[in-house]
Amino acid sequence: GEDVEQSLFLSVREGDSSVINCTYTDSSSTYLYWYKQEPGAGLQLLTYIFSNMDMKQDQRLTVLLNKKDKHLSLRIADTQTGDSAIYFCAEKGSGGYNKLIFGAGTRLAVHP
Amino acid sequence: NAGVTQTPKFRVLKTGQSMTLLCAQDMNHEYMYWYRQDPGMGLRLIHYSVGEGTTAKGEVPDGYNVSRLKKQNFLLGLESAAPSQTSVYFCASSYSIGAGTGELFFGEGSRLTVL
């Protein structure tokens with residue numbers, strides 16, 4: 001079945017770059033997403049990439065998509081303490097109706 | 001613009017009790033969803049609705065019922081709560097297919113504990 005996998009924890013020093021990785025199984029996914037969840041809050045869309053793109057850059061965020069390996073990554077440049085959160089990778093499931101398949105989430109801890 | 005609002009935000013139940021979580025959205029979205037979030041498991045889809053009066057099962061529907069009597073509201077019911085239903089529940093909504101990127105807009109979550 002459809003599955004999205006990502007590592008559970010990442011710790012980085014403030015000012016360094018963070019790279020969060022994700023693998024997915026549904027090669028027909030049209031969109032892939034990164035959501036951010038801050039403590040005690042719901043998920044908010046951080047960025048997305050359409051399946052016909054290899055890279056998308058948005059200020060400090062860079063998304064890389066390797067369709068051959070079904071691998072998605074999110075790079076955060078100059079990571080700040082405000083970036084501490086849980087980051088979820090998600091793919092649009094094959095069942096339609098915008099049903100998203102989420103990974104378990106990567107908890108990013110930024111330390112001074 | 002309130003977006004997606006969930007009530008209540010916290011609830012403690014005893015095993016066997018029933019309750020209803022209410023989700024309301026003011027964005028005129030066609031699609032609405034209920035997910036549960038458990039540690040290490042991400043979000044799993046419980047039920048969803050693609051329009052007023054329609055509902056469908058997601059990945060983990062057992063023990064839950066839903067209703068969408070009005071377009072803006074999506075209710076999640078637990079008829080006989082079990083400890084395994086202790087979780088954080090998120091409601092989300094989105095535009096219908098063909099309108100936008102399929103982004104889901106989430107509420108702030110409802111933390112349910114079943115003793």
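To be clear, the structure that these remarks concern was listed above.
The sections below set out a description of the structure shown in this document. All figures in this text were calculated on a predicted structure; none of them were measured in a lab.

**With respect to the overall build of chain A**
Alright, step 1. Along the backbone of chain A there are zero helices and 11 strands.
Alright, step 2. In sequence order, the secondary structure elements of chain A are arranged as β-β-β-β-β-β-β-β-β-β-β.
Alright, step 3. Scaling as 2.2 N^0.38, a compact globule of 112 residues should have a C-alpha radius of gyration of about 13 Å, and chain A matches this with 13 Å.
Alright, step 4. Taken over the C-alpha atoms alone, chain A extends approximately 45 × 30 × 20 Å along its principal axes.
Alright, step 5. The buried share of chain A, reckoned over its 112 residues, is 45%.
Alright, step 6. Partitioning the intrachain contacts of chain A with sequence separation of at least 6 by distance along the chain shows that 54% fall at a separation of at least 24.
Alright, step 7. In chain A, which carries 11 positive and 13 negative side-chain charges, the distance between the mean positions of the two groups comes to 2 Å.

**Points about the interface of chain B and chain A**
Alright, step 1. Across the boundary between the two partners, chain B contributes 23 residues, which contact 19 residues of chain A.
Alright, step 2. Approximately 1700 Å² of surface area, both sides summed, lies buried where chain B meets chain A, with 60% of it carried by carbon and sulfur atoms.
Alright, step 3. By the criterion of area lost to chain A, the three top residues of chain B are Leu43, Thr101 and Phe106 of chain B, representing 28% of everything that side buries.
Alright, step 4. Across the contact surface, chain B and chain A share zero salt bridges.
Alright, step 5. Inspection of the region where chain B meets chain A yields seven residue pairs in polar contact (both at pLDDT 80 or more).
Alright, step 6. Among the secondary structure elements, those contributing two or more residues to the side of chain B that touches chain A are strand 4 (31-38), strand 5 (42-49) and strand 9 (87-94) of chain B.
Alright, step 7. Looking at the side of chain B that touches chain A residue by residue, the class counts come to 13 nonpolar, eight polar and two charged.

What counts as what
Residues numbered from 1 in each chain as written. Chains lettered and ligands numbered in written order. Predicted model: local features only at pLDDT ≥ 70, side-chain atom pairs only at ≥ 80, totals over all residues. Heavy atoms only, no water. Helix = DSSP H or I, 4+ residues; strand = E, 2+ residues; numbered from the N terminus. Rg over C-alpha atoms; globule rule 2.2 N^0.38 Å. Buried < 20%, exposed > 50% of the residue type's maximum accessible area, 1.4 Å probe, protein only. Contact = heavy atoms within 4.5 Å. Lys, Arg positive; Asp, Glu negative; His and termini not counted. Charge placed at Lys NZ, Arg CZ, Asp CG, Glu CD. Buried area = accessible area lost by both parts, 1.4 Å probe. Salt bridge = Lys/Arg side-chain N within 4 Å of Asp/Glu carboxyl O. Polar contact = N/O pair within 3.5 Å; in protein donor to acceptor, adjacent residues only side chain to side chain. Nonpolar A, V, L, I, M, F, W, Y, C, P; charged D, E, K, R; others polar.

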